[in-house]
Structures are given as structure tokens and as C-alpha cells.
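Letter by letter, the chains look like this.
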Amino acid sequence: MILLCMFTPFLGSLMSGFFGRYMGVNSSKWMVCLSMFVSVVSTYMLFMDVMFNEMEYTYNMMNWLNVEYLVVDWSFTIDKLSVSMLVPVVTVSFLVHLYSVSYMSHDPHQQRFFSYLSMFTFAMMVLVTGDNYLILFVGWEFIGVASYLLISFWFTRFNAVKSGLSALLMNRFGDALLVLGLSYLVTVTGSVNYNTVFALGSYLDVNMITVMLMCFLVASMAKSAQLGLHSWLLLAMEGPTPVSSLLHAACLVIAGVFLLMRSSPLLEYTPIVLLLILWLGGLSTLISGLMAMVSNDIKKMMALSTMSQVGMMMMAMGVSCYNLALFHLMCHSFFKALLFMSAGSVMHSMMSEYQDIRMYGGFRQFMPLAYTCMFMASLSLMAMPGLTGFYSKDMMIESMYGEYTFSGFIMYWFALMSATCTSLYSMRLMYYTFLNNPNSPKYIYINLKENDMVLITPMMILTILSMFGGYLLRDIYLGMGSPFNELFMHPNNLSLMETEFSLPSMLKVLPLMTGLGGGLILLLMYEFNYSLFLVYNNKNLSKLYSFFNQKIMFDQLLNNLILRSGLNMGWLLNVHMDRGMLQLFGPLGLWKLSTFISSKLNKLVFLNIGFILEIMVLSWLLIVFKVSLLKYITLLIMFIIL
């Protein structure tokens, strides 16, 4: 069952990539979809077996490395954490494959696209199910390569190539830190197997664990696009919409969150790293929410929303609520995939495929089904009661205060402001796209219509999951008597009881009040008093708007202060070190010295009178002034050179 779950996407990728031109377009893409469906069915069977029958499986394929005390196997494990991650990965991936059948139907390279998409899914499954950190690292690298291939899929577009390279190189920085962390882990523990490393966690020095997990944290920042290493996330929107949906909902972005959740038995012994994760998540979720409020690109708004929600997951892990982070990861994957698919449906229906929401308006009458799907996804993202996002997001905000620490108190208000921003930009997106006055040319509306059922069906399935998924899964991950205890929490860090029973009712209701009230006020102001939003009439508001619209000037800071100074330093090192000192004291200098000495010896051998007189004068100086032999040799060499 494990092999059937994992390797059917890999088989589909190989078949579509190598034999797609012989099989034909339709046979190739439907065969890949069938392989993903088999993986979905087997994953659900494993989920039922692991969650309800308390079973765990480990499949050891073969030995990989055996170097002294370091033994690494090609082995995969199916435990509660890995199977919980597999459910959103394979579900969203299968629906994205189905969605792509219609969305990419006019592309001339469909076999290559489906091969990349299936390989992306397989790499994520390897990362999730690996039984040791080295298998996780293999999957980690493969999803980076697959994301580069998918983002730059339309390689004839210059921006797509630049975006793919940006994502690849930014992730290389995190990968280098992950390699350092794994190297230090092997040095300290002598193993990369989860069971061995976690068993030693309580016996290791805190400083050692802190160094390792700081490296892991930087790697997670790069992969999960947290503040400081997030610039690639917006550029990744150059890829096709199905790629954006899979990348932001179920693959790549959540890989960094999984790495920290898997390392929870080590993370619980490093309060410094936990505090860093908490503050990093808080700043990321708030700043990305503010940037999304003033963004005008429909896909970039959703990308910033992803960054905000992943920041929420980081905050939950910072207060040791790993089950909350995992539950929100599952819920978020459903409604975020639905948001991207709905946006793709709107863009696909327009002839020009605009992404600027200011060019939309009045689409509700032409696309009622897409409007319903996006509206339900937005309400779930806003954590409206009864929907999937409500059960995980509200609990995460409350857990900040339930920690009863100074940082937790500050992060509660950060999370509350972020949730309010989420409501504001979600309602702004809905208003500009579906409720506003028409702003596009007439021919756009003449040809505007719903897409075919192949594209609509995945959206309808995700709409149902966005409505009822959280309610169905909440007791498994958040229930007081739930057997879900896969993620280790130190007894000193438990705060679930305080969060559930000791918080004032006002603090529990406040996120709902600010979110719902902010969204309604925004709608009323858009409809009846829009002049308040003319920010360019106010100098201070204009500067604030430009600051967040330009993504807090982070790209300018990164390019001018870091990248260009690094390039200048590289140029100086190349001129003065690589092609300067190292050449002078290296091969070039040795060649010149050996050539010069050989020419002098050649003169001596063939009785060059001038050179013989030079040696006689130096010998006379040696005798008269009683110069030592070492000084004589030094003078001789200097005389030869001169």
C-alpha cells in the first residue's frame, strides 16, 4: 500500500515525460490523473488505518550509506504526522491535475507540464514520508528543482525565467543552511534517523540543539517564504495558475513548516529558537497582511495571503501548539487551492487574462459558480463560524494569549491585526472582482462565461471541503481526548487547557468581531463613500500606501544593500585574489620564477662571462664581510632577479 501510494505519481511522471509524444496528449494527461487517483485512494486507506486503528508502518527498501557509525537506509514511514500531511498533498494535487486538464488544454507542451506536476507531488511525498533527515533532504531538493521547472514552464517569457531562477537561488540559500545543520547533527548524534536523534534530544547540550535548529529555521524561512526570504514567492506567480495553486496550498510552501513540526522533539528543548519562531511568524503574518491590502494583482494578493497564513502556523509552533499548526495546514490547503482555482477560472474566462483586479467588476452575473466558490473560500479564510478556517484559525489566535507570556500577549494582538487585514483584503478582492461596476471593455463581457465542467468539478469538491472539512477533522487534532499525540510537546509548554478554559469570552470573540465588522465597514465605504480611499489626496497616506504597495521596499534593500555589495565584493576578490595574489604566488608566479632561473642557469652552463663575474663578486663579498650561507643564497637570488 505504501508503494502504491508513493510511486504511482512517479510512474505517471515518467510515462508522461518519456512516452508522452507516443501516447498522445489526451492519453498522457488522463493516465497521470489516474495515477494520482490511485495514490489518493491508497492514502485515504492508510489514513483510516493509522488514525483509527493506531497502526504505524515503516517500509525499508534497501541500505543506502554505511560509513563507520553512520547508517542510512532508503526507508519510508507512515505515522500520524506523515499521513496527516499526505492527505492535503495528494487531495489537492489530484484536483489540480484534474483542473489542469481543462486549464492547459490549449498549451502545446501538456505532456511536459503533467510530468513536472506529477514529479512535484512525488518529491513532496518523499519529503513527508522519509524515515530520516537525509531522505527528507532528497525530497527537499527535488521539490526545489520541480518548482523551478514549473515556475519557468513558459520559458519563452523572460519574466518567467527570471522568476524561476529567483525561486531556485533564494531556496539555495536555505538549502545550504540545512546542509550545515544536518552536518552538525551527524557530528553530534552520529545518526540522521528520526528515532535515534529524538531519543537523544533530552541528553544533548542546549547550545548544540540551538545551533542545529537555527540552521533548520533559516531553511524553513526560505522554503516557506517568511519575512526576509520571501521575495521569491510573489515572483513565483509567473507560472501557470495550477502551479500556483499546488505550490501555495499543498507543496513547497508547507515543506518548511513540516521540517519544524517533524523536529518538535528537538525544538521543545530550545526556548531561544521557539521565541524566534514566534516573533518571526508574528512579523511575517502582519506585514504580509498589510502588503496584501494594497496589492492590485489577484494572484499576488493570494500569495501574500499564503505568507500570512504560514506565519500563523509559525506562531502556533512558537508556542508549542504543533497540532494546531498541522490542523491549520490541512484546512488552509483546501481553501487556498480553491482561491487560486477560482482566480484562474476568472482569468481563463477573460480573453486577455488580466490579473489586475481594477480591470474587473460585475462578474457575478456572468460567472455565478466561480463567484460562489471564491466567496466560500474567502469566508473560510476569514474564519467565519462554521467553515473550515474557523476551527483552526481562531484557536491559533487564542493560543497566543493562552501562553500567558509577554511575547504571547504581543503576538495575540499581532495575530488579531493580521486576521483583520485578512478580512479586509478578502472583501476587497470580492468587491473589485464581482460586485464593483464593470471596468473592462465591452468585448470582454460579451465573451465572458463559465468554464467547462472538467475545470469546475475540482472547485466544487474543494468548496465542500472548505465548508465542512474543519468540522469533520477538528476532534481528531484538537479534541481533548484525541489519541493524536504524534507531535511531542514538553510538559512545561502545554497551554491547551489554559487556552480552552481560562481565556475571557471577549478575547475569544474579538477576532470574529474585528474580522466581520471590518469587512462589512469596508463594503459600505466602497459602496457609499469611496472618496475616503483616494489616498493620493493625502500626502502621508500616499507614502504609506506606496511603502506597502512596493512590498516595504524589501526588493530595493535586497538589491542595493546586499546583492550589489556582494557582487562588488566578488569582483574585487576576483581581480585582487583569484587573478592577483593567487596567480602571482601560484601557477603564474612559479612559471615566471622557473623560467627566469632556467635562463640564468643556461647562461652559466654556456659560460656567459657577465654572469660568471656576478657570481665572483658575490663570492668576494661573502669572504670579506663574512656573510652567512643563508644570507649569501638570499643575496644571490635577489641579485639574479635584479
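- As recorded in an unreviewed UniProt entry, the protein chain goes by NADH-ubiquinone oxidoreductase chain 5 and comes from Komagataella phaffii.
- Comment text from UniProt for the protein chain, heading Subcellular location (unreviewed entry), reads "Mitochondrion inner membrane".
- Its UniProt record gives the protein chain a comment under Sequence similarities (unreviewed entry), which states: "Belongs to the complex I subunit 5 family."

**Digging into the overall build of the protein chain**
Moving on, step 1. Helix and strand content of the protein chain: 27 helices and two strands.
Moving on, step 2. Structurally, the protein chain occupies a C-alpha span of about 105 × 60 × 60 Å along its principal axes.
Moving on, step 3. Counting only residues that meet the buried cut, the protein chain has 55% of its 642 residues in that class.
Moving on, step 4. Summing over all exposed atoms, the protein chain offers an accessible surface of approximately 28,200 Å²; the carbon and sulfur share of this is 70%.
Moving on, step 5. The centroid of the 30 positive side-chain charges in the protein chain is displaced by 17 Å from the centroid of its 29 negative side-chain charges.

**What about the pattern of salt bridges?**
Moving on, step 1. Going through the model one piece at a time under the given rule, you end up with seven salt bridges.
Moving on, step 2. Here Asp 356 makes a salt bridge to Arg 358, at a shortest N to O gap of 2.9 Å.
Moving on, step 3. Its relative accessible area of 44% is what places Arg 358 among the partly exposed residues.
Moving on, step 4. Between Lys 508 and Glu 398 there is a salt bridge whose closest N-O contact spans 3.3 Å.

**A short note on empty space enclosed by the protein**
Moving on, step 1. Inspection of every chain in the model, using the stated rule, returns two cavities of 30 Å³ or more.
Moving on, step 2. Taken as a whole, the largest cavity encloses approximately 60 Å³ of empty space.
Moving on, step 3. If you go around the largest cavity, the residues you meet are Met 301, Met 302, Ser 305, Leu 339, Ser 378, Leu 381, Tyr 425, Ser 426 and Leu 429.
Moving on, step 4. Residue assignment for the lining of the largest cavity shows that the elements contributing at least two residues are α14 (298–318), α16 (368–381) and α18 (406–435).
Moving on, step 5. In the lining of the largest cavity, the residues fall into six nonpolar, three polar and no charged.
Moving on, step 6. If you list the elements that add at least two residues to the lining of the second largest cavity, you get α17 (388–402), α18 and α22 (505–528).
Moving on, step 7. Taken together, the residues of the lining of the second largest cavity break down into six nonpolar, two polar and two charged.

**Overview of the environment of Met 376**
Moving on, step 1. Structurally, the position occupied by Met 376 is in helix α16.
Moving on, step 2. Residue classification places Met 376 among the buried residues on the basis of a relative accessible area of 16%.
Moving on, step 3. With near-sequence residues (within four places) excluded, Met 376 lies in contact with Leu 387, Thr 463 and Met 467.

**Overview of the environment of Met 330**
Moving on, step 1. Within the secondary structure layout, Met 330 lies in helix α15 (residues 322–349).
Moving on, step 2. Separated by 168 residues in the primary sequence, Met 330 and Glu 498 have C-alpha atoms spaced 24 Å apart.
Moving on, step 3. Sequence-distant contacts of Met 330, defined by excluding residues within four places in its chain, comprise Ser 84, Val 87, Pro 88, Leu 473 and Tyr 477.

**What about the side chain of Arg 262?**
Moving on, step 1. Among the structural elements, Arg 262 can be located in helix α11 (residues 255–262).
Moving on, step 2. According to the relative accessible area criterion, Arg 262 is buried, its value standing at 6%.
Moving on, step 3. Beyond its immediate stretch of four places on either side in the chain, Arg 262 contacts Thr 77, Asp 79, Leu 81, Ser 82, Val 128, Tyr 194 and Phe 198.

**Concerning a nonpolar patch on the surface**
Moving on, step 1. Taken together, the side chains of Met 569, Leu 573, Met 577, Met 581, Leu 582, Leu 584 and Phe 585 define a hydrophobic patch exposed on the protein surface, amounting to about 740 Å² of accessible area.
Moving on, step 2. With respect to the helices and strands, Met 581 occurs in helix α24 (residues 554–584).
Moving on, step 3. Owing to a relative accessible area of 47%, Met 581 belongs among the partly exposed residues under this scheme.

**Notes on the pairing of strand β1 (residues 57–67)**
Look at any regular strand and the pattern is simple: side chains alternate between the two faces of the sheet.
Moving on, step 1. In terms of strand pairing, β1 meets strand β2 (residues 70–78) through nine bridges, oriented antiparallel. What sits directly across from Asn 66, in β2, is Val 71.

**Looking at the nonpolar core**
Moving on, step 1. If you look at the biggest cluster of nonpolar residues, it comprises 198 residues, and the most contacted ones within it are Met 85, Met 124, Tyr 133, Trp 232 and Met 261.
Moving on, step 2. Counting residues per element, this core draws most heavily on α15, which supplies 18 residues.
Moving on, step 3. Other than its neighbours up to four places away in sequence, Met 124 contacts Met 85, Val 89, Ile 143, Ala 250, Cys 251, Leu 252, Ile 254 and Ala 255.

**Some details on the packing of helix α8 (residues 206–223) against helix α13 (residues 271–293)**
Moving on, step 1. Here α8 crosses α13 at 20°, and the two axes come no closer than 10 Å. As judged from the angle between their axes, α8 and α13 are roughly parallel. Seen from above, α8 lies across α13 with right-handed handedness. Within the contact between the two elements, α8 uses Thr 210, Leu 213, Met 214, Leu 217 and Met 221 and α13 uses Val 273, Leu 276, Ile 277 and Leu 280.
Moving on, step 2. When the residues that make up the contact of α8 with α13 are grouped by side-chain class, the tally is eight nonpolar, one polar and no charged.

About the cut-offs
Residues numbered from 1 in each chain as written. Predicted model: local features only at pLDDT ≥ 70, side-chain atom pairs only at ≥ 80, totals over all residues. Heavy atoms only, no water. UniProt positions renumbered as here; feature names shortened; annotations may be inferred. Helix = DSSP H or I, 4+ residues; strand = E, 2+ residues; numbered from the N terminus. Buried < 20%, exposed > 50% of the residue type's maximum accessible area, 1.4 Å probe, protein only. Areas by Shrake-Rupley, 256 points an atom, 1.4 Å probe, with all protein chains shown as cover. Lys, Arg positive; Asp, Glu negative; His and termini not counted. Charge placed at Lys NZ, Arg CZ, Asp CG, Glu CD. Salt bridge = Lys/Arg side-chain N within 4 Å of Asp/Glu carboxyl O. 1 Å grid on protein atoms, 1.4 Å probe; cavity = no way out; pocket = protein on both sides within 12 Å on 5 of 7 lines; lining within 4 Å. Points joined across faces, edges and corners; volume = space filled by probe spheres on them. Nonpolar A, V, L, I, M, F, W, Y, C, P; charged D, E, K, R; others polar. Contact = heavy atoms within 4.5 Å. Patch = residues over 30% accessible without salt bridge, like charges linked within 9 Å, V, L, I, M, F, W, Y side chains within 5 Å. Pairing = 2+ DSSP bridges. Core = buried A, V, L, I, M, F, W, Y, C linked by side-chain atoms within 4.5 Å. Axes fitted to C-alpha atoms, helices over the stretch in contact; angles between N-to-C directions. Parallel < 35°, antiparallel > 145°, perpendicular 65-115°, else oblique. Left-handed = near helix turned anticlockwise from the far one by under 90°.

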